[in-house]
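Inside the fold
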Amino acid sequence: MTKKRIALISTGGTIEKTYCELDGILRNEVNVLDVLLAGLVLNGVELVRVPLMNKDSLEMKQVDHDLIAETAQTMGKAYDGVVIVHGTDRLAETGECICELVGSPSVPVVLTGAMRPYEMRHTDAIQNMTEALTAVQILEPGVYAAMHNRVLKFPGVVKDREQGTFVKGSAV
């Protein structure tokens, strides 16, 4: 069986936040994705980590979205799929940017993140990462968001802040 070669681009976001007990603040200072990934069974997948940045997405500028889009395009030429771990506040902007700059990618590009950090007891990080890693292996080429038992295709994916998830359509 040939392994699927997946590039995993990490950009930070809530999924990677850690708690500092000295000041009581969640921050993007330590990369926790390796710990999360070590707990998953990834048979048939060759995962290549691409640590691009470690930012809260609220701090991202257009140059960051462009860099993520360009990196996804480059990785898409060398791998069977691309997963982007991203903060949920600006995930939709990056998905739209990929569509604008890249157009239709030659492989599936799946963005995911978490509403609650991996370190928290009731996190959605593990589920969302698992869904993204499954989705990238079975979807047709395109740009998608995978979270909370849904896969949505860009353009037109927005964060619904009332429901705490992503939907198709106008922002709520």
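As the structure is a computational prediction, the values presented were derived from the model and not from experiment.

**What about the confidence of the model for the protein chain?**
- Confidence along the protein chain averages 88 in pLDDT terms, with 84% of residues attaining 70 or more.
- Here strand β2 (residues 18–20) stands out as the least confident element of the protein chain, with mean pLDDT 53; strand β6 (residues 108–112) is the most confident, with 98.

**Quick notes on the pattern of salt bridges**
- Enumeration according to the criterion identifies six salt bridges in this entry.
- Here D34 ties to R49 by a salt bridge, and the two come within 2.9 Å at their closest N and O atoms. With D34 in helix α1 (residues 33–38) and R49 in strand β4 (residues 45–55), this residue pair connects regions lying 15 residues apart in the sequence.
- You can call D34 partly exposed: its relative accessible area is 47%.
- With a shortest N-O distance of 3.1 Å, D89 and K159 are connected by a salt bridge.

**Structural notes on the side chain of E131**
- Mapped onto the elements, E131 comes out in helix α4 (residues 125–138).
- Among buried Asp, Glu, Lys and Arg side chains, E131 stands out as unpaired, with R150 the closest opposite charge at 9.4 Å.
- If near-sequence neighbours (up to four positions away) are discounted, E131 is found in contact with A146, M147, H148, N149 and R150.

**Points about the side chain of T94**
- Topologically, T94 is positioned in helix α3 (residues 91–102).
- There is a polar contact of 2.5 Å between the side chain of T94 and the side chain of H65.
- Ignoring any residue separated from it by four or fewer positions in sequence, one finds T94 in contact with H65, I68, H86 and L111.

**Notes on the sheet that holds strand β5 (residues 81–85)**
- Taken in spatial order, the six strands make up an open sheet running β4-β1-β5-β6-β7-β8, and their pairing is mixed. Two strands lie at the open edges of the sheet, namely β4 and β8 (150–153), each paired on one side alone. Across the sheet, the mean angle from the axis of one strand to that of its neighbour is 20°, orientation sign disregarded.
- Across four bridges, β6 lies against strand β7 (residues 142–147) in parallel orientation. When the sheet's bridge partners are listed, V110 is paired in β7 with Y144.
- Relative to β6, α3 is tilted by about 165°, and along the sheet it contacts β5, β6 and β7.

About the thresholds
Residues numbered from 1 in each chain as written. Predicted model: local features only at pLDDT ≥ 70, side-chain atom pairs only at ≥ 80, totals over all residues. Heavy atoms only, no water. pLDDT = per-residue confidence, 0-100. Helix = DSSP H or I, 4+ residues; strand = E, 2+ residues; numbered from the N terminus. Salt bridge = Lys/Arg side-chain N within 4 Å of Asp/Glu carboxyl O. Buried < 20%, exposed > 50% of the residue type's maximum accessible area, 1.4 Å probe, protein only. Lys, Arg positive; Asp, Glu negative; His and termini not counted. Contact = heavy atoms within 4.5 Å. Polar contact = N/O pair within 3.5 Å; in protein donor to acceptor, adjacent residues only side chain to side chain. Pairing = 2+ DSSP bridges. Axes fitted to C-alpha atoms, helices over the stretch in contact; angles between N-to-C directions.

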